[in-house]
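# Tertiary structure, described
Below, each chain spelled out in residue letters.
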Amino acid sequence: MLRLRLGPADLCRVRFADRLHPVGTAMLACQALYDPEAARTAPGPAAGAATATGRVRSAASVLRHLLPARGRLPDFLTPLDGLESVAAGLEAIRAVPVRRVRAEVTAAYADLAETPLRRRFAEADGETMGLFGRALGTWHDAVLAPHWADLTDVHRHQVAEATGHLAAHGLDGLLNALHPAIRWEAPTLTLTVRTWWSTTVSGTGQGLLLLPSPLAGPHPRVLVEPDRPVLVVYPAPMPRRVEASVADPLGRLLGATRAAVLRRLGGPGRHTTTTLGRAVGISVSSASEHAGALRAAGLVSSVRDGGAVLHRLTPLGAELLGRDDVLPPARA
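### Quick look at the overall build of the chain
Along the backbone of the chain there are 15 helices and 11 strands. Scaling as 2.2 N^0.38, a compact globule of 332 residues should have a C-alpha radius of gyration of about 20 Å, and the chain matches this with 21 Å. Of all 332 residues assigned to the chain, the portion counted as buried reaches 50%. Taking the intrachain contacts of the chain between residues at least 6 apart in sequence as the baseline, contacts between residues at least 24 apart amount to 68%. Here the chain displays about 16,100 Å² of accessible surface, and carbon together with sulfur accounts for 54% of that area. Seen as two clouds, the 37 positive and the 29 negative side-chain charges of the chain have centres 2 Å apart.

### Observations concerning the pattern of salt bridges
In this structure the tally under the stated criterion is eight salt bridges. In this structure, Arg72 engages Asp75 in a salt bridge whose closest nitrogen and oxygen atoms are separated by 2.7 Å. Here Arg72 falls in the exposed class, since its relative accessible area comes to 55%. Residue classification places Asp75 among the buried residues on the basis of a relative accessible area of 11%. Two residues, Arg94 and Glu91, come together in a salt bridge whose shortest N-O distance is 2.9 Å. Of this pair, Arg94 and Glu91 both sit in helix H6 (residues 86-94), three residues apart, which is roughly one turn of that helix. Judged by relative accessible area, Arg94 falls into the exposed class, the value being 54%. Connected through shared salt-bridge partners, Arg100, Glu104 and Glu225 make up one network.

### A look at the sheet that holds strand S9 (residues 271-272)
With antiparallel pairing, three strands are arranged side by side in an open sheet as S9-S11-S10. Bordering the open sheet on either side are S9 and strand S10 (300-305), each of which pairs with just one other strand. Across two bridges, S9 lies against strand S11 (residues 308-313) in antiparallel orientation. If you follow Thr272 over to S11, its bridge partner there is Leu310.

### Digging into the pairing of strand S3 (residues 182-185)
Of the two faces of S3, the one lined by Ile182 and Trp184 is fully buried and the one lined by Arg183 and Glu185 carries no buried residue. Sheet topology note: the S3/strand S4 (residues 188-191) ladder contains four bridges and is antiparallel. In the strand pairing of S4, Ile182 is matched with Leu191. The hairpin turn running from S3 into S4, its antiparallel successor, is two residues long.

### Brief notes about empty space enclosed by the protein
Gaps between atoms show up when a probe of the same size as a water molecule is rolled over them. Applying the stated rule across the entire model yields one cavity of 30 Å³ or more. Taken as a whole, the largest cavity holds about 60 Å³ of empty space. The wall of the largest cavity is formed by Leu90, Ile93, Arg94, Met129, Gly130, Phe132 and Gly133. Mapped by element, the contributors of at least two residues to the lining of the largest cavity are H6 and helix H9 (126-144). Per element, the largest residue contribution to the lining of the largest cavity is four residues, and it comes from H9.

### With respect to the nonpolar core
Membership of the largest hydrophobic core comes to 53 residues, with the highest contact counts inside it found for Leu33, Trp139 and Leu144. Element by element, the count of residues in this core is highest for H9, at seven residues. Leaving out residues up to four positions away in the same chain, Trp139 has contacts with Ala26, Ala29, Cys30, Leu33, Tyr34, Ala49, Val56, Ala59, Ala60, Leu63 and Leu144.

Conventions used here
Residues numbered from 1 in each chain as written. Predicted model: local features only at pLDDT ≥ 70, side-chain atom pairs only at ≥ 80, totals over all residues. Heavy atoms only, no water. Helix = DSSP H or I, 4+ residues; strand = E, 2+ residues; numbered from the N terminus. Rg over C-alpha atoms; globule rule 2.2 N^0.38 Å. Buried < 20%, exposed > 50% of the residue type's maximum accessible area, 1.4 Å probe, protein only. Contact = heavy atoms within 4.5 Å. Areas by Shrake-Rupley, 256 points an atom, 1.4 Å probe, with all protein chains shown as cover. Lys, Arg positive; Asp, Glu negative; His and termini not counted. Charge placed at Lys NZ, Arg CZ, Asp CG, Glu CD. Salt bridge = Lys/Arg side-chain N within 4 Å of Asp/Glu carboxyl O. Pairing = 2+ DSSP bridges. 1 Å grid on protein atoms, 1.4 Å probe; cavity = no way out; pocket = protein on both sides within 12 Å on 5 of 7 lines; lining within 4 Å. Points joined across faces, edges and corners; volume = space filled by probe spheres on them. Core = buried A, V, L, I, M, F, W, Y, C linked by side-chain atoms within 4.5 Å.

Here it is in structure tokens:
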């Protein structure tokens, strides 16, 4: 049980995270998708994790060995910075002082058997941290990226629903409606978290940042850092329709990530390589590679516009998606 005492400055700055954090979400998913109870809230990604082979399976083995199977993760692995991409999130992790890495990993390993790899990770060994980052990137691109649009939709839906509740019932009503494991009685927010002890902490004066996520696990997660808003991540199940993506015929034809890129290009908006990567949850280089492959297959057209490259569906790409309303190819 965690009791979070919030002051007036915190309550004046209650807000929702505007999007999911690629690395923070991946960290939580590394635990949640291997927990049967938690995996039921995200069946599509859970199926991807369960059926991983080759490089992805090797990456999963590294992550499962280095991270606690359940409970609290080292705080530095779920940074507030680096929202733009997996690469940016990993850069934020690499910027963490070695002393903090050692302290938090050592605490997380209190109940785990010591192994050479865990010892080097706890010592913030550069080579081991690099291995960890590569494994995370591989696992994220294979397991989460194909479902990133669905994960984002869940987040947006939950935020829209919660802000409507705030308008109708005020802050008290909002905080008491977030999740059954969260209870508000001014000035204390009480959260049922997966720890065996109870503690009380004070807010930071920088506000409360709320983040609904299908990959939070069965219990809320809390991150309290000085001079930062208190982050509360709480469970939000994915809709049942996402299960159908596991048997997605377009995904079987193109590969799940490439199919997600193609579908994103079928949506409204101006699609650059950067926005594609952000929308699907992959790196810019990976988005460029997938767009190039789709272009070579005649499904996508690309033109340079200043410093950006614009992509859109061709008539053939639209036909593959079952659409006939695509405009002519983009012009510079």
